[in-house]
Amino acid sequence: MCHTFPALTSDRSSRICSLLYKHGSSMASNSSGSDSSDRQRIAQQRLSVIAGHLQRPVEGNSGILAAECKAQGDKLDVSSERRTVPRRRQEIMKWNGWGYSDSKFLYNKKGQAEFTGKRYRLSGMIIPGLREWMESTFGANLQHKTPAAPILNSSAVQPPTLNEAFLKELKSTGIPFSHDAEDRVFRSHGHCLHEIFALREGKIGRVPDLVVWPNCHNDVVKIVELACKHNVCLMPYGGGTSVSSALECPPEETRSIVSLDTSQMNRILWIDEKNLTAHVEAGIVGQDLERLLNESGYCTGHEPDSMEFSSLGGWVATRASGMKKNIYGNIEDLVVHIKMVTPQGVIEKSCQGPRMSTGPDVHHFIMGSEGTLGVVTEVTMKIRPMPEYQKYGSVVFPNFEMGVACLREVARQRCAPASIRLMDNEQFKFGHALKPQVSSIFTSFLDGLKKFYITKFKGFDPNRLCVATLLFEGDREKVLQHEKQVYDIAAKFGGLAAGEDNGQRGYMLTFVIAYLRDLGMDYYVIGESFETSVPWDRVLDICRNVKARIVRECKDKGVQFPPLSTCRVTQTYDAGACVYFYFAFNYRGLSDPVHVYEQVEHAAREEILANGGSLSHHHGVGKLRKEWMRETISSVGMGMLKSVKDYVDPNNIFGNRNLL
Amino acid sequence: TSVVVLVVLRTASLKDEEEFTDILEERRRTTDLGYALRTFNPQPYKGAPYSSTSDLKKAVLESQYLRYIIALETGSSVEKVRQEARGILEEMSHNLQLGFIRLMAYTVNKVFKRLFRSIYVNMEGLNMLQQAIQESPVILMPNHRSYVDFLIVSFILFTYDIPIPVIAAGIPLASMKVVGEILRRSGAFFIRRAIGSDKLYWAVLSEYVRTIVRTGCAPLEFYVEGFRSRTLKSVVPKLGMMDMVLEPYFKGEVFDITLVPISISYDRVVEESLLALELLGVPKPKESTTGLFKASRVLQEDYGCMHVNFGRPLSVRQLCEGKINRSEYNLIPRDLPQRPSTEIQDCVNWVAHLIVRTQEEGSLISPWSLMACLLLQAPITTLTEEGLQWHGLTEKTLWLRKLVLDFRGRLNWPAHTPDSDVMSSTVALHHSIVHHKAGRVCLVQDGDPASQDPLSPEEGVMRTAAAVLMLVSYRNQALHVFVRPGILATAIHITKSTQKDELFSFFCFLRDVFANEFIFIPGRASQDFDEACSLLQKCGAVHMSEQEVTVLETGLEVLSFLQKLLQPFLDSYQLIFRYLCENGAHVFTEKQFLPAVQNLATKLILSGDLHTFEVLSSDTQKNVLSALRRLEAVTKLRAGLYITQKELLGGSIPTRFPLC
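Residues numbered from 1 in each chain as written. Chains lettered and ligands numbered in written order. Predicted model: local features only at pLDDT ≥ 70, side-chain atom pairs only at ≥ 80, totals over all residues. Heavy atoms only, no water.

With an unreviewed UniProt entry as reference, chain B is termed Dihydroxyacetone phosphate acyltransferase-like, source organism Haplochromis burtoni. The UniProt entry for chain B carries the following text under Sequence similarities (unreviewed entry): "Belongs to the GPAT/DAPAT family." As its UniProt record puts it under Pathway (unreviewed entry), chain B is described as follows: "Phospholipid metabolism." (UniProt positions renumbered as here; feature names shortened; annotations may be inferred.)

The name recorded for chain A in an unreviewed UniProt entry is Alkylglycerone-phosphate synthase, from Haplochromis burtoni. UniProt, in the comment section headed Sequence similarities (unreviewed entry), describes chain A in these words: "Belongs to the FAD-binding oxidoreductase/transferase type 4 family."

> Would you explain the overall build of chain B in this entry?
Along its length, chain B carries 29 helices and 17 strands. Whereas a compact globule of 660 residues would reach a radius of gyration of roughly 26 Å, chain B reaches 25 Å, a difference of no more than 12%. Oriented by its inertia axes, the alpha-carbon framework of chain B measures out at about 65 × 60 × 60 Å. Per-residue burial for chain B yields a buried fraction of 56% across its 660 residues. Sequence separation of 24 or more characterises 78% of the internal contacts of chain B that already satisfy a separation of 6 or more. Here chain B contributes 70 positively and 72 negatively charged side chains, and the mean placements of these two sets differ by 5 Å. (Helix = DSSP H or I, 4+ residues; strand = E, 2+ residues; numbered from the N terminus. Rg over C-alpha atoms; globule rule 2.2 N^0.38 Å. Buried < 20%, exposed > 50% of the residue type's maximum accessible area, 1.4 Å probe, protein only. Contact = heavy atoms within 4.5 Å. Lys, Arg positive; Asp, Glu negative; His and termini not counted. Charge placed at Lys NZ, Arg CZ, Asp CG, Glu CD.)

> Looking at this structure, I do not really get the UniProt feature "active site" (unreviewed entry) in chain A. What am I missing?
Residue and element names in this part refer to chain A. Within the UniProt annotation, "active site" (unreviewed entry) is assigned to Tyr580. As for its placement among the helices and strands, Tyr580 is situated in strand S21 (residues 576–586). Every residue in contact with Tyr580, bar those within four places of it in the chain, is listed here: Ser529, Phe530, Glu531, Thr566, Cys567, Arg568, Thr570, His618 and His619.

> Looking at this structure, how should I read the sheet that holds strand S15 (residues 587–589) of chain B?
One key point about sheets: their strands pair by backbone hydrogen bonds, in either a parallel or an antiparallel sense. Residue and element names in this part refer to chain B. The 3 strands lie next to each other as S15-S17-S16, forming an open sheet whose pairing is antiparallel. The strands lining the two open edges of the sheet, one partner per strand, are S15 and strand S16 (634–638). Sheet twist, expressed as the mean angle between neighbouring strand axes with direction ignored, is 35 degrees. Relative to strand S17 (residues 641–644), S16 runs antiparallel, the two being bridged by 4 bridges. Of the residues in S17, the one forming a bridge with Arg638 is Leu641. Docked against the sheet, helix H27 (residues 618–630) engages S15, S16 and S17, running at close to 100 degrees with respect to S16. (Pairing = 2+ DSSP bridges. Axes fitted to C-alpha atoms, helices over the stretch in contact; angles between N-to-C directions.)

> Teacher, can you tell me more about the UniProt feature "domain: Phospholipid/glycerol acyltransferase" (unreviewed entry) in chain B here?
UniProt's entry tags residues 138–267 of chain B with the feature "domain: Phospholipid/glycerol acyltransferase" (unreviewed entry), counted in the numbering of this structure. Span residues 138–267 of chain B is 38% helix and 19% strand, its end C-alpha atoms 28 Å apart.

> Which parts of the structure should I look at to understand the domain arrangement of chain A?
Interfaces are often described in size by the accessible area the parts lose on coming together. Residues and elements named next belong to chain A. If you check the domain split of chain A, you get domain 1 (268–385) and domain 2 (524–624). Put simply, the middle of domain 1 and the middle of domain 2, counted by C-alpha atoms, are 30 Å apart. In this complex, domain 1 contributes 11 residues to the contact, which on the side of domain 2 involves 10 residues. With both chains or domains summed, domain 1 and domain 2 bury close to 680 Å², and 31% of this area falls on carbon and sulfur atoms. The largest contributions to the domain 1 side of the interface with domain 2 come from Ser321, Lys325 and Glu370, which together make up 53% of the buried area. The interface formed by domain 1 and domain 2 includes 6 residue pairs in polar contact (both at pLDDT 80 or more). Residues of the side of domain 1 that touches domain 2, tallied by class, amount to 2 nonpolar, 5 polar and 4 charged. (Domains from an automatic or database assignment. Buried area = accessible area lost by both parts, 1.4 Å probe. Polar contact = N/O pair within 3.5 Å; in protein donor to acceptor, adjacent residues only side chain to side chain. Nonpolar A, V, L, I, M, F, W, Y, C, P; charged D, E, K, R; others polar.)

> What should I look at first to understand the confidence of the model for chain B in this one?
Detailed reading of predicted coordinates is not advised where the pLDDT is low. Residues and elements named next belong to chain B. Of all residues in chain B, 91% have pLDDT values of 70 or greater, and the mean over the chain is 88. For chain B, per-element mean pLDDT is lowest for helix H1 (residues 2–12), which scores 50, and highest for strand S3 (residues 138–142), which scores 97. Per-residue pLDDT stays below 50 along residues 10–16; that stretch engages in 19 contacts with residues further than four places along the chain or on separate chains. For this predicted complex, the interface score ipTM comes out at 0.87, alongside a pTM of 0.89. (pLDDT = per-residue confidence, 0-100.)

> What should I look at first to understand the packing of helix H18 (residues 367–375) of chain B against helix H22 (residues 457–495) of chain B in this one?
Two quantities define a packed helix pair, namely the angle between the axes and the distance from one axis to the other. Residues and elements named next belong to chain B. The geometry of H18 relative to H22 is characterised by a closest axis approach of 7 Å and an angle of 100 degrees between their N-to-C directions. By the angle class used here, H18 and H22 are roughly perpendicular. Listed contacts from H22 to Trp368, Ser369, Ala372, Cys373 and Leu375 of H18 are Leu471, Tyr474, Arg475, Gln477, Ala478 and Phe482. Here the residues of the contact of H18 with H22 sort into 8 nonpolar, 2 polar and 1 charged. (Parallel < 35°, antiparallel > 145°, perpendicular 65-115°, else oblique.)

> Which parts of the structure should I look at to understand a nonpolar patch on the surface?
All names here are of chain A. On the surface, a nonpolar cluster with roughly 360 Å² of combined accessible area is contributed by Phe452, Tyr453 and Phe457. Within the secondary structure layout, Phe457 lies in helix H16 (residues 441–457). For Phe457, a relative accessible area of 59% corresponds to the exposed category. (Patch = residues over 30% accessible without salt bridge, like charges linked within 9 Å, V, L, I, M, F, W, Y side chains within 5 Å. Areas by Shrake-Rupley, 256 points an atom, 1.4 Å probe, with all protein chains shown as cover. Salt bridge = Lys/Arg side-chain N within 4 Å of Asp/Glu carboxyl O.)

> Any chance you could explain the UniProt feature "binding site: substrate" (unreviewed entry) in chain A here in plain terms?
All names here are of chain A. UniProt annotation of "binding site: substrate" (unreviewed entry) refers to Arg517 when read in the numbering used here. For Arg517, the position within the fold is in helix H18 (residues 500–522). Note on Arg517: relative accessible area 16%, which makes it buried.

> Is there a simple way to think about the interface of chain B and chain A in this case?
Counting residues at the interface gives 14 residues for chain B, matched by 13 residues for chain A. With both chains or domains summed, chain B and chain A bury close to 1,200 Å², and 33% of this area falls on carbon and sulfur atoms. Where chain B packs against chain A, one counts 5 salt bridges. In this structure, Glu607(A) and Arg317(B) form a salt bridge, with 2.6 Å as the shortest nitrogen-oxygen distance. Across the side of chain B that touches chain A, the residue classes tally to 3 nonpolar, 5 polar and 6 charged.

> What is the right way to look at the pattern of salt bridges in this model?
A side chain with one charge may pair with a side chain of the opposite charge, provided their charged atoms come close. The full count for this structure, using the stated rule, is 77 salt bridges over all chains. One salt bridge connects Asp180(A) with Arg88(A), and the closest N-O pair in it is separated by 3.6 Å. On the criterion of sequence distance, the pair formed by Asp180(A) in the loop between strand S4 (177–178) and helix H6 (181–186) and Arg88(A) in the loop between helix H3 (64–71) and strand S1 (105–107) is long-range, its members being 92 residues apart. Note on Asp180(A): relative accessible area 25%, which makes it partly exposed. Within the structure, one salt-bridge network assembled from shared partners comprises Arg549(A), Glu553(A), Lys557(A), Glu607(A), Arg317(B) and Arg326(B).

> It is not clear to me how the domain arrangement of chain B should be interpreted in this structure. Could you clarify?
All names here are of chain B. The domain boundaries assigned to chain B delineate domain 1 (1–38 + 55–268 + 303–362), domain 2 (367–477) and domain 3 (481–650). With centres defined by C-alpha atoms, the gap from domain 2 to domain 3 works out at 24 Å. Facing the 25 residues of domain 2 at the interface are 24 residues of domain 3. Contact between domain 2 and domain 3 buries roughly 2,100 Å² in total, counting both sides, with carbon and sulfur atoms accounting for 76%. Three residues stand out in domain 2 for area buried against domain 3, namely Gln377, Phe407 and Val461, and they jointly supply 30% of the buried area on that side. A salt bridge links Glu614 to Arg475, with the shortest nitrogen-to-oxygen separation between them at 2.7 Å. Joining domain 2 to domain 3, the criterion identifies 5 residue pairs in polar contact (both at pLDDT 80 or more). Put simply, the parts of the chain that give the side of domain 2 that touches domain 3 at least two residues each are H18, helix H20 (390–406) and H22.

> Looking at this structure, I do not really get the sheet that holds strand S5 (residues 210–212) of chain A. What am I missing?
All names here are of chain A. Spatially, S4-S5-S7-S6 is the arrangement adopted by the 4 strands of the open sheet, whose pairing is mixed. A single partner strand is all that each edge strand has here, and the edge strands are S4 and strand S6 (233–237). Pairing geometry for S6 and strand S7 (residues 257–261), over 5 bridges, is parallel. Counterpart to Cys233 in the pairing with S7 is Ile257.

> Can you walk me through the packing of aromatic side chains in this structure?
A ring pair, where both rings are aromatic, is described by two values, the distance of the centres and the angle of the planes. Using the criterion set out here, one finds 39 aromatic pairs over all chains in the structure. Relative to Phe309(A), the ring of Trp98(A) has its centre 5.5 Å away and its plane inclined at 85 degrees; by these criteria the two rings are edge-to-face. Taken together, the residues span a long stretch of sequence, with Trp98(A) in the loop between H3 and S1 and Phe309(A) in the loop between strand S10 (298–299) and helix H10 (312–318) at a distance of 211 residues. The pair Trp98(A) / Phe309(A) is uniform in exposure class, with both members buried. A centroid spacing of 6.1 Å and a plane angle of 55 degrees characterise the contact between Tyr579(B) and Phe593(B), whose relative ring orientation is tilted. A residue pair is termed long-range when its members are at least 10 positions apart, and Tyr579(B) in helix H25 (residues 556–582) and Phe593(B) in helix H26 (residues 590–606) qualify at 14 residues. Overall, the relative accessible area of 15% leaves Tyr579(B) in the buried class. Taken together, the aromatic side chains of Trp98(A), Tyr100(A), Phe105(A), Phe115(A), Tyr120(A), Phe309(A) and Tyr515(A) make up a single cluster linked through ring pairs. Over the face of the ring belonging to Tyr237(A) we find Arg187(A), whose NZ or CZ atom lies 5.5 Å from the ring centre. (Phe/Tyr/Trp six-rings, centres within 6.5 Å; stacked < 30°, edge-to-face > 60°. Lys NZ or Arg CZ within 6 Å of the ring centre and 35° of its normal.)

What follows is the structure in structure tokens.
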């Protein structure tokens with residue numbers, strides 16, 4: 001098995017899966033694009049058929065009526081068998097970690113890091129540099145393991161508090177539901193560190209009492225009506241990738257909590273090629289949406305880092321942002337029409353006009369409402385023809401300051417590529433540690449040569465240099481032109497083009513980093529990322545200050561080893577940028593590592609706010625960042641949101657207590 | 001925060017018994033030239049890229065801030081204003097050059113070896129400074145008691161391979177031929193005395209200072225007291241420079257700033273005789289190079305030892321934690337001038353006071369200061385005529401030594417030397433003020449040998465005053481140890497009360513009135529009171545219960561000493577209050593006020609109704625005026641013109657003020 005990263009130069013069939021998944025990574029032979037996509041499709045179909053076989057009816061309430069609901073969908077819905085997310089998520093996903101059960105990092109018998117499974121381009125590969133990086137960065141040691149509880153102990157889960165009247169009427173609707181412990185635990189958390197840490201230790205807190213799987217908008221209407229009638233607390237659940245404690249059940253909630261899992265509402269209902277829009281059920285996850293649209297030659301271009309698992313409804317409810325927003329826009333730019341079911345009824349606009357002056361945009365009550373007002377069921381989204389050509393790239397800068405100056409200039413000239421991201425020195429080194437084993441002496445020789453050129457010949461300090469990764473998209477000629485423009489700007493800031501591989505690896509890292517956290521947790525290392533947005537003139541200051549604050553807080557809190565405290569600029573805007581911080585440390589010797597972690601993250605957020613950063617760029621507020629809402633949007637602002645909540649949901653049926 | 005302050009005050013003065021090293025000792029053993037040419041290779045601030053003085057100037061002139069201010073200046077063309085700004089910057093800028101540092105070190109070394117027996121430096125403080133300089137921008141904040149201070153810090157840092165500071169100096173120094181230029185090249189930058197409302201000047205200065213702090217290109221040294229204290233007593237800090245220095249932290253442009261209080265104490269101050277004359281209204285000689293050479297006769301004298309005590313580096317971040325909300329700077333571009341909130345202003349004021357208090361705590365009290373305290377409590381005629389009994393003075397001084405130690409003062413009492421030798425060598429060192437013969441100590445009064453005429457009584461008063469004020473200066477060096485218990489002793493003496501709350505309220509009143517005279521950290525009245533109580537209890541002067549403070553028989557000596565120590569201040573303030581109340585004029589000018597008070601005081605001294613000469617000091621008079629303005633009993637109409645607020649001045653303040 002020889003897996004070098006093929007250059008992704010002139011691939012016509014480039015789709016997101018190509019970056020993510022091995023089965024899509026046949027671009028080595030660029031000319032045979034159609035051939036490879038066929039193979040890919042066949043493989044996927046086979047996979048989902050297998051997944052479908054494995055799916056067993058839940059509690060005897062299989063979705064017979066739901067089928068009717070599905071049947072209401074129109075002809076365009078041809079692909080319902082190929083969905084990624086089954087009702088029983090545990091069949092393919094980890095219950096106490098990130099992502100697919102078959103994919104994880106581990107140290108093999110030789111002590112080498114390896115990524116298992118077959119899904120990703122990194123799957124099955126040896127990553128020789130990871131061990132040393134982990135040991136030197138965190139002082140971690142392979143001898144000191146902190147394994148997770150292997151299986152979920154159902155007896156640790158509190159028996160459900162069921163509202164019998166609600167349950168009875170729910171049964172009569174035929175909408176599938178379950179109060180199986182595994183199903184409930186699966187929907188009781190997102191992916192905050194404390195949530196995963198507790199699961200690994202087998203600690204289970206308050207979990208939903210019931211899970212329901214509506215199959216369509218009308219199912220949701222019924223569920224919400226019943227919930228109102230019987231005063232049941234509803235918590236919408238999409239992809240479960242929240243990192244804001246948004247899915248945590250409020251411990252003070254005494255009513256029966258019903259998790260409304262939208263994952264089965266996953267059809268594209270229609271595609272409007274004249275207006276370039278698609279009408280989609282909100283439970284669809286990113287990879288399915290993109291794959292299905294691709295089949296018709298379209299894409300949304302919305303690619304948040306979590307897109308494998310996160311759902312359209314979740315994006316709307318949290319104001320998500322995608323990697324390629326420079327071309328396609330963020331979710332608020334992509335959405336044309338939203339349908340949401342609230343306790344007061346259904347809210348939607350009467351037409352699909354591209355812009356309206358009809359008072360404050362009611363969509364903006366929905367976007368970012370974080371499940372506190374209702375369930376988003378259907379969304380009309382802009383779509384675009386798939387790009388003809390895609391090209392990765394990277395630029396090495398002598399230091400972070402120069403890199404930021406370059407990004408600023410790119411933003412000033414409004415010539416940002418589909419994606420442009422600047423990693424700091426620590427992250428650059430981290431990226432290097434994740435290089436899989438090189439297949440030939442020639443490649444390693446080339447790497448050595450490149451390194452020599454940059455550090456010795458160009459005089460870059462290996463402890464200061466940083467790298468920007470780029471992704472260009474569009475028609476071939478324009479991409480090449482655009483590429484030249486960006487590289488010319490970079491050169492003015494001392495940037496040297498550093499090849500497509502580096503760029504591509506940078507983006508791949510985004511998808512595997514969540515898996516890496518699980519590896520860290522096996523060896524006393526805990527960490528997380530958080531983000532903000534900030535005006536251009538403060539980017540450097542906020543990066544320096546927040547990183548330094550993290551280091552100082554860790555020291556003050558008794559963390560024995562210096563933490564990894566690193567950042568990257570992941571989005572550029574006219575007036576500022578989005579900055580991502582990664583923070584991880586070795587917690588050996590700490591009695592309550594999660595508490596220490598939370599204190600440090602809290603301090604880091606305080607630092608962000610003091611330095612003019614926002615409370616969140618796209619992760620949302622949830623319950624994790626609620627305490628800062630008032631100072632963020634002012635008391636009047638809070639009052640406005642509160643009054644909307646009071647009108648739409650006076651009995652707090654949507655009682656996840658996020659945001660306010 | 002009070003706990004923080006206490007911790008800061010206590011820890012800033014390091015350990016009680018710390019090691020001071022005589023740095024001249026090694027200098028005397030090696031050649032001056034060899035010393036001046038030693039390798040100098042300090043570890044700079046890690047965040048600072050190298051920047052030359054011209055880079056610095058360029059950064060200032062091109063700053064957004066300055067451009068904004070220049071654009072605001074109306075009346076002349078932008079180019080003209082820019083030219084003016086450039087001129088100001090040229091006049092101001094330092095031009096630090098290693099060659100001149102060597103020249104400076106060479107000269108200073110020669111001079112210091114001549115003037116001083118030893119220069120003691122606490123190496124632990126120096127080590128901490130060395131560390132701190134690498135971590136964040138460092139502000140060196142010495143007290144200012146003598147011209148000799150000016151280069152001592154640079155001299156020490158050069159000796160110990162620590163980056164040389166740039167130093168804020170008064171513009172008169174710059175105009176000295178040759179010397180001005182040497183100072184400039186040794187790192188001095190020059191600030192005009194009366195900047196007033198010259199906006200452009202303020203802008204250039206503040207941007208210059210902020211740029212130095214922001215870039216951390218060199219440690220910045222400045223005197224927070226604003227000028228050389230003529231009374232050798234700490235001066236209430238000036239906030240202009242402090243504001244500029246802290247702003248980069250408030251605006252998040254640096255992660256932290258380190259403040260290093262430095263306490264410089266002299267056995268004998270080189271310009272002692274000039275100080276008293278200046279205070280009595282004889283103008284100080286203009287700084288000039290020829291003047292400097294004339295002063296070279298001072299080189300013939302022995303000035304004993306000098307102590308330079310580097311305090312524990314203080315993190316501005318830690319000091320300000322919980323006191324301010326930096327997000328107030330988030331809504332206006334940081335390059336634009338913004339009036340800080342009262343919260344920020346209070347914090348700056350608090351920090352400045354804290355620094356001066358820390359300087360006080362770190363300074364060393366010489367035996368001579370103790371003797372001065374005691375000599376001043378003897379009737380003036382005893383001092384000028386028959387003299388004070390040597391034996392009694394020795395005994396009392398030793399008693400006072402114990403009290404100082406009880407009060408946690410830092411004493412510079414030579415170890416391993418018989419007390420009698422310490423006493424006589426101290427008196428010998430200060431032969432210009434007192435002489436000791438036939439078992440008695442008398443005040444030396446400068447005769448004017450040129451004048452044949454006998455002195456008028458008024459001239460006699462001034463002559464005595466000159467001698468007394470010299471003594472007062474040395475007493476002032478010890479005052480900070482006694483002020484708080486002294487005020488409590490005064491409160492006990494005047495109110496004759498034992499009720500704690502009554503004493504506290506009077507304590508606060510006196511603390512308030514004397515806030516221009518002594519350094520009190522704002523907002524710490526009750527802590528000051530508690531400290532006073534605990535010290536008096538510790539030395540056995542009072543007994544404390546929950547509600548009462550009872551004077552003990554054994555404490556009468558201490559209480560009477562303390563009360564007498566502060567009596568001159570009470571008398572002086574009383575006299576000036578009376579003058580203002582009884583003087584018919586409602587409106588008065590500073591020009592009238594100062595001589596009028598001096599005349600009145602002279603009269604009262606001659607008539608035997610006033611027992612202190614201190615009211616003759618212009619410093620006292622100015623302090624009273626400032627205090628009255630602060631208490632709003634006097635209002636400033638315009639420069640030099642004041643109006644009394646009769647109802648206040650005639651009412652609450654003087655009536656509450658003790659007539660004793």
